[in-house]
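Descriptive analysis of the structure
Next come the chains, spelled out residue by residue.
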Amino acid sequence: MAERVLVTGATGFIGRHMPALLQARGLETHITARGVSPQANGITAHQVDLLRQDDAPRLIKDIRPDIIIHTAWYVAHGRFWTAPENTDWLEASTAFAAYAAEAGTRRFVGLGTCAEYATESGDDSFPWPETRAIAPATPYGEAKAILARRLAEMAEARARFGIAWARLFHLFGEGENPARLVPSIMIALREGREAQCASGRPVRDFISTQNAAAAIAALAISDVTGPVNIASGAPISIAAMARLIGHISGRPYLVRLGALPDRPNEPPYMVAHTGRLRREVGFTAPVSLAAALQKLRTNL
């Protein structure tokens, strides 16, 4: 009998890719989101609001999932870093996981962020492992770090409740806010406008949402527990990323690096060490950065 998996936030930036990936792996797939149809392509949808006190325990009781992938959170562009909703989602997610543990869910996968990590440690030219110090600089990162700690404590208290924590690095993909880096450049170039950027000196770790979702799906069906970086592991400066988008778009001459001021206190280097993802989960990104950008440009 197929295991039953529940994906929360299944119409979100990451969540939208999860159901088909899990169904393709033979899992009985259930999703939650606001405003979705009850049934789609054999995937069972549940219209619930996890911030409502009664919805989460009723959902767990009705589905009895073996695995939960919790992608739901408040992610409004420009607001989520400091929004008070982070506290709401921290408390709701903690309660949700506790309901699941009590109901017999064997595995819970939460989504974290590289913003949990300390941004200054004296080794700013080396990939960041999961053992890096946790020192969030924003309420968003702090809420995620607290949830990761609470989930780990739940797992310690319950022998049959496994926790995996997927720490996401720099995402791009379909449904992204047009003001964010990748779509803002693509849209400007498509319209024949200059794509004005800062200097682009900071080095980052970009991964498409489709690749990230595939990595999370692989993590979910594995036995790996604890934090796992979800990233490409390949460093690229923001400037090089902008130039690559310009090359793919056929209008590199419209990319204007240095036209905007650099953000203050921008970490110079944020790149993941992906050893756990590759060796323990057994996942390597199947699509190159250039190919993922080309696909996004076609679908944007």
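For the structure itself, look to the data block above.
Predicted, not measured: the structure shown is a model, and the values here were computed from it.

Scoring rules and cut-offs
- Residues numbered from 1 in each chain as written.
- Predicted model: local features only at pLDDT ≥ 70, side-chain atom pairs only at ≥ 80, totals over all residues.
- Heavy atoms only, no water.
- Helix = DSSP H or I, 4+ residues; strand = E, 2+ residues; numbered from the N terminus.
- Rg over C-alpha atoms; globule rule 2.2 N^0.38 Å.
- Buried < 20%, exposed > 50% of the residue type's maximum accessible area, 1.4 Å probe, protein only.
- Salt bridge = Lys/Arg side-chain N within 4 Å of Asp/Glu carboxyl O.
- Polar contact = N/O pair within 3.5 Å; in protein donor to acceptor, adjacent residues only side chain to side chain.
- Core = buried A, V, L, I, M, F, W, Y, C linked by side-chain atoms within 4.5 Å.
- Contact = heavy atoms within 4.5 Å.

Time to look at the overall build of the chain. The number of helices and strands found in the chain is 9 helices and 14 strands. For 300 residues, the compact-globule estimate of 2.2 N^0.38 gives 19 Å, and the C-alpha radius of gyration of the chain, at 19 Å, lies within 12% of that figure. Summarising its shape, the C-alpha atoms of the chain cover approximately 55 × 45 × 35 Å along the three principal directions. The burial tally for the chain puts 50% of its 300 residues in the buried class.

In this structure the tally under the stated criterion is 13 salt bridges. Residue Arg 79 pairs with Glu 85 through a salt bridge whose shortest N-O separation is 4.0 Å. For Glu 85, a relative accessible area of 23% puts it in the partly exposed group. Close ionic contact of Glu 280 with Arg 276 constitutes a salt bridge, the shortest N to O distance being 2.8 Å. A residue pair is termed a helical-turn pair when its members lie 3 or 4 positions apart in one helix, as Glu 280 and Arg 276 do in helix H8 (residues 275–281) at 4 residues. A relative accessible area of 45% means that Glu 280 is categorised as partly exposed.

Along the polypeptide, Ser 222 turns up in the loop between helix H6 (209–221) and strand E12 (226–230). Residue Ser 222 is classed as buried on the basis of its relative accessible area of 10%. Of note is the side chain of Ser 222, whose polar atom sits 3.2 Å from the backbone nitrogen of Val 224.

This part covers the nonpolar core. Of all hydrophobic cores here, the largest spans 34 residues; its most connected members are Met 18, Ile 69, Ile 216 and Ile 230. The residues contacting Met 18, other than those within four sequence positions of it, are Val 7, Ile 69, Ala 213, Ile 216 and Ala 217. Listed in part, the 30 residues of the second largest apolar core include Leu 90, Phe 108, Leu 147 and Leu 151.

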